[in-house]
Amino acid sequence: MTEAIPFDLPGDDLFGLDNLPYGVFTTSGAPDLHRIGVRFGSHVLDAGAAAEAMGSAHAELLKAPTLNPLMAAGRPTWQAVRADLQNWLGDPGHRATVGGHLVPLADVTLHLPFEVADYVDFYASEHHATNVGKIFRPDGDPLTPNWKHLPIGYHGRSGTVVVSGTPVVRPLGQRKPKDAPAPSFGPSQRLDIEAEVGFVVGTPSAMTTRVGRQDFREHVFGVCLLNDWSARDLQAWEYVPLGPFLGKSFATSVSAWITPLEALEQARTEPPARDVPPLPYLDDSGEKDGLDIRITVTLNGEQVSEPPFSAMYWTAAQQLAHMTVNGASLRTGDLFASGTVSGPEPDQLGCLLELTAGKGPFLSDGDEVVLTAWAPGPNGTRIGLGEVSGTIAAAPAE
Ligand SMILES: O=C(O)/C=C/C(=O)CC(=O)CC(=O)O
Ligand SMILES: [Ca+2]
Ligand SMILES: [Mg+2]
């Protein structure tokens, strides 16, 4: 079996030694045994079994059924485990031991890799916020007066975060078209996507303390792709004055692979210039807190958009600082999403609402949406962020 494993991956493989994202898998032979897997090329390393075989001090953490214990262990442990994995998979001397713990990707089922604690979604793309503001509030300023002073967000529903591949059932709810005299109840007719990047918190923080922007790397374990499914008709009728609620809480899909922040060092970039100076706790002048992640959105196999994450006005580090500036604590497993990623160009918009200027068409039953992404890695390599997919299933009976 060992001979069959392509340890020497081609240089353009999106899942080489510089990436090594984490997931949780089962096999058909052991469908109840959830195991931590590390993606390597088109294989998955059974990390717990490999750690045990290598006599690693981290074997217990890697034998857990979710990533939460590893995420809670903190950055020095994340770095030590990553160095071990790179050594085990990269040093030919370990191939005989490690090779037996590599499973073909095609033979595994991937699961939601961590237990989601709290879920927050931001609104950090100036392009998206301006476009959506014009559509939802045609008579006002597209950006609200607070927009350039703080990263706007709302608390979502963590229990409906699902892994890539989970069908998304069209939600029922109240809608009221502008000229209709009264609301009606039924399946959403304006079901949309939102292409986003999610950030997964590892190290918790205590209530009444603040996590500064500069401590981002101590707390955030990794990054996933995220689709914030949005029922625009439900949303437009419900959102005033408290913000998104049932129009977004029915399902949020995340990729099965969590890319460690460490793998995105090369992708760090300066965010766009801020034309309003942020308050000191959000000031990141000269810092490379942005990330050059290139997303592709496909609908039924056709590419519809390529949103550039580097265009985001507010960074994840600013979002973390803002989320805790009032003393709110962080928990292991907290997930915060960037907000819809839209760039300045017509083929860089992150939702159908913007791509169709509010007119639709929106999603039909049976439509499949897939987000993929990559980021620059060391020496011209690329770091794959996997994919998040979902197919729309018909609404339940009213
Ligand atoms: O401006 C509004 O009323 C609505 C905004 C959104 O629907 C966007 C949202 O959920 C946040 C984001 O993903 O950017
Ligand atoms: Ca969103
Ligand atoms: Mg959602």
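Only a predicted model underlies this, so the values are computations on that prediction, with no experimental measurement involved.

### Here we look at the coordination of the magnesium ion (ligand 3)
- Those donors, Asp228 (OD) and Lys248 (O), are the protein atoms that reach the magnesium ion (ligand 3), and they lie 1.9 to 2.5 Å from it. In this pair, Asp228 is assigned in the loop between β14 (220–227) and β15 (230–231) and Lys248 in the loop between α8 (232–238) and β16 (252–254), connecting sequence segments 20 residues apart. Across this residue pair, the class does not change: Asp228 and Lys248 are buried.

### Let's talk about the sheet that holds strand β23 (residues 368–376)
- With mixed pairing, 5 strands are arranged side by side in an open sheet as β9-β24-β23-β20-β21. Sheet topology places β9 (168–169) and β21 (302–305) at the edges, where each strand pairs with a single neighbour.
- Sheet analysis places β23 next to strand β24 (residues 382–393), joined by 8 bridges and oriented antiparallel. Looking at β24, one finds that Val370 is bridged to Ser389.

### Details of the side chain of Arg35
- In this structure, Arg35 sits in strand β2 (residues 30–40).
- The residues touching Arg35, leaving out its near neighbours within four places in the chain, are Gly23, Val24, Phe25, Thr27, Ala30 and Asp46.

### Considering the UniProt feature "domain: Fumarylacetoacetase N-terminal" (unreviewed entry) in the chain
- Taking the numbering used here, the UniProt-annotated feature "domain: Fumarylacetoacetase N-terminal" (unreviewed entry) corresponds to residues 19–113.
- Secondary structure across residues 19–113 comprises 38% helix and 29% strand; the distance between its end C-alpha atoms is 17 Å.

### Focus on the coordination of the calcium ion (ligand 2)
- At 2.2 to 2.3 Å from the calcium ion (ligand 2) lie its protein donor atoms, namely Asp121 (OD), Glu194 (OE), Glu196 (OE) and Asp228 (OD).
- Around the calcium ion (ligand 2), the 6 donor atoms sit at angles spanning 77 to 165 degrees, and that spread fits a shape best called irregular.
- For the calcium ion (ligand 2), the donor residues sit on a single chain with the sequence spacing D-x72-E-x1-E-x31-D. For the pair Glu194 and Glu196, one class covers both residues: buried.

### A look at the domain arrangement of the chain
- In terms of domain boundaries, the chain breaks down into domain 1 (22–111) and domain 2 (119–393).
- Taking the mean C-alpha position of each, domain 1 and domain 2 sit 29 Å from one another.
- If you look at the interface, domain 1 gives 19 residues, while domain 2 gives 18 residues.
- Around 1600 Å² of area is buried between domain 1 and domain 2 when both sides are counted, 67% of it from carbon and sulfur atoms.
- The largest share of the area that domain 1 buries against domain 2 comes from Tyr22, Met71 and Arg75, three residues that together contribute 38% of it.
- Across the domain 1-domain 2 interface, the total number found is 2 salt bridges.
- Across the salt bridge formed by Glu262 and Arg75, the nearest N and O atoms sit 3.7 Å from each other.
- Seen at the junction of domain 1 and domain 2, the total is 2 residue pairs in polar contact (both at pLDDT 80 or more).
- Counting only elements with at least two residues in the side of domain 1 that touches domain 2, the list comes to β1 (22–27), β2, α3 (68–72), α4 (75–90) and β5 (108–111).
- Grouping the amino acids of the side of domain 1 that touches domain 2 by side-chain chemistry returns 10 nonpolar, 6 polar and 3 charged.

### Some thoughts on the nonpolar core
- The biggest cluster of nonpolar side chains holds 59 residues, and the ones touching the most others in it are Phe199, Phe216, Trp229, Ile293, Leu320 and Phe336.
- Those residues in contact with Ile293 that lie beyond four places of it in its chain are Val197, Val223, Pro307, Pro308, Phe309, Ser310, Ala373, Trp374, Ala375 and Leu385.
- Leu20, Val38, Leu102 and Cys224 belong to the second-largest nonpolar core, a separate cluster that totals 36 residues.

### Some remarks on the site of ligand 1
- Taken together, 17 residues surround ligand 1, and among them Tyr123, Arg137, Gln235, Lys248 and Thr340 come closest.
- The contact in question runs from an oxygen atom of ligand 1 to an N or O atom on the side chain of His128, over 3.4 Å.
- Out of a free accessible area of 380 Å², ligand 1 has 95% covered by protein chains.
- Among the secondary structure elements, those contributing two or more residues to the shell around ligand 1 are β6 (119–122), α6 (126–136) and α8.
- Looking at the shell around ligand 1, the element that brings in the most residues is α6, giving 3 residues.

### With respect to the pairing of β24
- Direction of pairing for β9 relative to β24: parallel, over a ladder of 2 bridges. The residue of β24 that forms the bridge with Val168 is Ile392.
- Linking β23 to β24, which pair antiparallel, is a turn of 5 residues; within it Asn379 sits at a positive phi near 50 degrees.

### Let's talk about the UniProt feature "domain: Fumarylacetoacetase-like C-terminal" (unreviewed entry) in the chain
- Taking the UniProt record as the reference, the feature "domain: Fumarylacetoacetase-like C-terminal" (unreviewed entry) is found at residues 120–391.
- Secondary structure content for residues 120–391 is 13% helix and 29% strand, and the end C-alpha separation is 23 Å.

### Points about the environment of Pro361
- With respect to the helices and strands, the residue Pro361 is situated in the loop between α10 (352–355) and β23.
- What makes Pro361 exposed here is its relative accessible area of 65%.
- Distance in space between the C-alpha atoms of Pro361 and Asp192 is 9.4 Å, their sequence separation being 169 residues.
- Every residue in contact with Pro361, bar those within four places of it in the chain, is listed here: Leu352 and Thr356.

The rules we used
Residues numbered from 1 in each chain as written. Chains lettered and ligands numbered in written order. Predicted model: local features only at pLDDT ≥ 70, side-chain atom pairs only at ≥ 80, totals over all residues. Heavy atoms only, no water. Donors = N, O, S within 2.8 Å, 3.2 Å for Na, K, Ca; no water. Helix = DSSP H or I, 4+ residues; strand = E, 2+ residues; numbered from the N terminus. Buried < 20%, exposed > 50% of the residue type's maximum accessible area, 1.4 Å probe, protein only. Pairing = 2+ DSSP bridges. Contact = heavy atoms within 4.5 Å. UniProt positions renumbered as here; feature names shortened; annotations may be inferred. Tetrahedral: all angles 85-135°; square planar, octahedral: opposite > 155°, others 65-115°. Domains from an automatic or database assignment. Buried area = accessible area lost by both parts, 1.4 Å probe. Salt bridge = Lys/Arg side-chain N within 4 Å of Asp/Glu carboxyl O. Polar contact = N/O pair within 3.5 Å; in protein donor to acceptor, adjacent residues only side chain to side chain. Nonpolar A, V, L, I, M, F, W, Y, C, P; charged D, E, K, R; others polar. Core = buried A, V, L, I, M, F, W, Y, C linked by side-chain atoms within 4.5 Å. Near = heavy atom within 4 Å. Areas by Shrake-Rupley, 256 points an atom, 1.4 Å probe, with all protein chains shown as cover.

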